[in-house]
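Chains, contacts and geometry: an overview
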Amino acid sequence: MAGRAFAGMPRVFTRALGDSVRIDYIPATGDRVDNIDGIYTSAYQAALAAQIPVESSAPMISLAASECPNRSHDDRFVRDGVTYKPVEIQPDSFGMVVFILHEVSE
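Overview of the structure. (Residues numbered from 1 in each chain as written. Predicted model: local features only at pLDDT ≥ 70, side-chain atom pairs only at ≥ 80, totals over all residues. Heavy atoms only, no water.)

Scanning the protein from terminus to terminus reveals two helices and six strands. For the protein, the succession of helices and strands along the chain, N to C, is α-α-β-β-β-β-β-β. Of all 106 residues assigned to the protein, the portion counted as buried reaches 32%. A separation of at least 24 residues holds for 41% of the contacts in the protein among residues at least 6 apart in sequence. (Helix = DSSP H or I, 4+ residues; strand = E, 2+ residues; numbered from the N terminus. Buried < 20%, exposed > 50% of the residue type's maximum accessible area, 1.4 Å probe, protein only. Contact = heavy atoms within 4.5 Å.)

So, about the packing of aromatic side chains. In total, this model carries three aromatic pairs according to the counting rule given. The interplanar angle of 25 degrees and the centroid separation of 5.1 Å between the aromatic rings of Tyr-25 and Phe-77 together place this pair among those described as stacked. Taken as a pair, Tyr-25 in strand β1 (residues 20-26) and Phe-77 in strand β4 (residues 76-79) lie far apart in primary sequence, 52 residues in all. For the pair shown, Tyr-25 and Phe-77 are each scored as buried. For the pair Tyr-40 and Tyr-84, a centre-to-centre distance of 6.3 Å together with 50 degrees between the ring planes defines the contact as tilted. Of this pair, Tyr-40 sits in strand β2 (residues 33-49) while Tyr-84 sits in strand β5 (residues 82-91), and the two are 44 residues apart along the sequence. As far as the burial class goes, Tyr-40 and Tyr-84 line up, both buried. An aromatic cluster of three or more residues is present, and its members are Tyr-25, Phe-77 and Phe-99. (Phe/Tyr/Trp six-rings, centres within 6.5 Å; stacked < 30°, edge-to-face > 60°.)

Glancing now at the pattern of salt bridges. Inspection of the entire model under this criterion finds three salt bridges. As a salt-bridge pair, Arg-32 and Asp-34 come within 2.6 Å of each other at their nearest N and O atoms. When its relative accessible area of 45% is taken as the criterion, Asp-34 is described as partly exposed. The shortest N-O distance in the salt bridge between Arg-79 and Asp-80 comes to 3.6 Å. One connected set of salt bridges, linked through shared partners, spans Asp-24, Arg-32 and Asp-34. (Salt bridge = Lys/Arg side-chain N within 4 Å of Asp/Glu carboxyl O.)

To continue, consider the nonpolar core. Ranked by size, the top nonpolar core spans 13 residues in total, and within it Ile-61, Leu-63, Cys-68, Phe-77, Phe-99 and Leu-101 carry the most contacts. Of all the secondary-structure elements, those providing two or more residues to this core are β1, β2, β3 (52-64), β5 and β6 (96-104). Sorting elements by how many residues they give to this core places β6 first, with three residues. Residues contacting Leu-63, with those up to four places away along its chain left out, are Ile-36, Asp-37, Gly-38, Cys-68, Phe-77, Gly-95, Met-96, Val-97 and Phe-99. (Core = buried A, V, L, I, M, F, W, Y, C linked by side-chain atoms within 4.5 Å.)

Listed below in structure tokens is the structure:
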């Protein structure tokens, strides 16, 4: 029952949020999808490993699961001319998938 109630929510979130972006999705299998709706964030991370401070950013994109049914780690995303590959894929139970991204040079 809850699945039906939330079925339309992913598109509502990706269109309503101010940081919604247009991104090109290039799946490893299937057709390229240009200008897909997504929520892009680049969270700052800081860690202390072996007494050595490490800083990085963690770019990620959230997409509706229906937009990426055959998702894989070989997929690519292009945002503002920068190409990313997913290093982690995190589907949730509400119809969204979060891709943790790493910039690649191609």
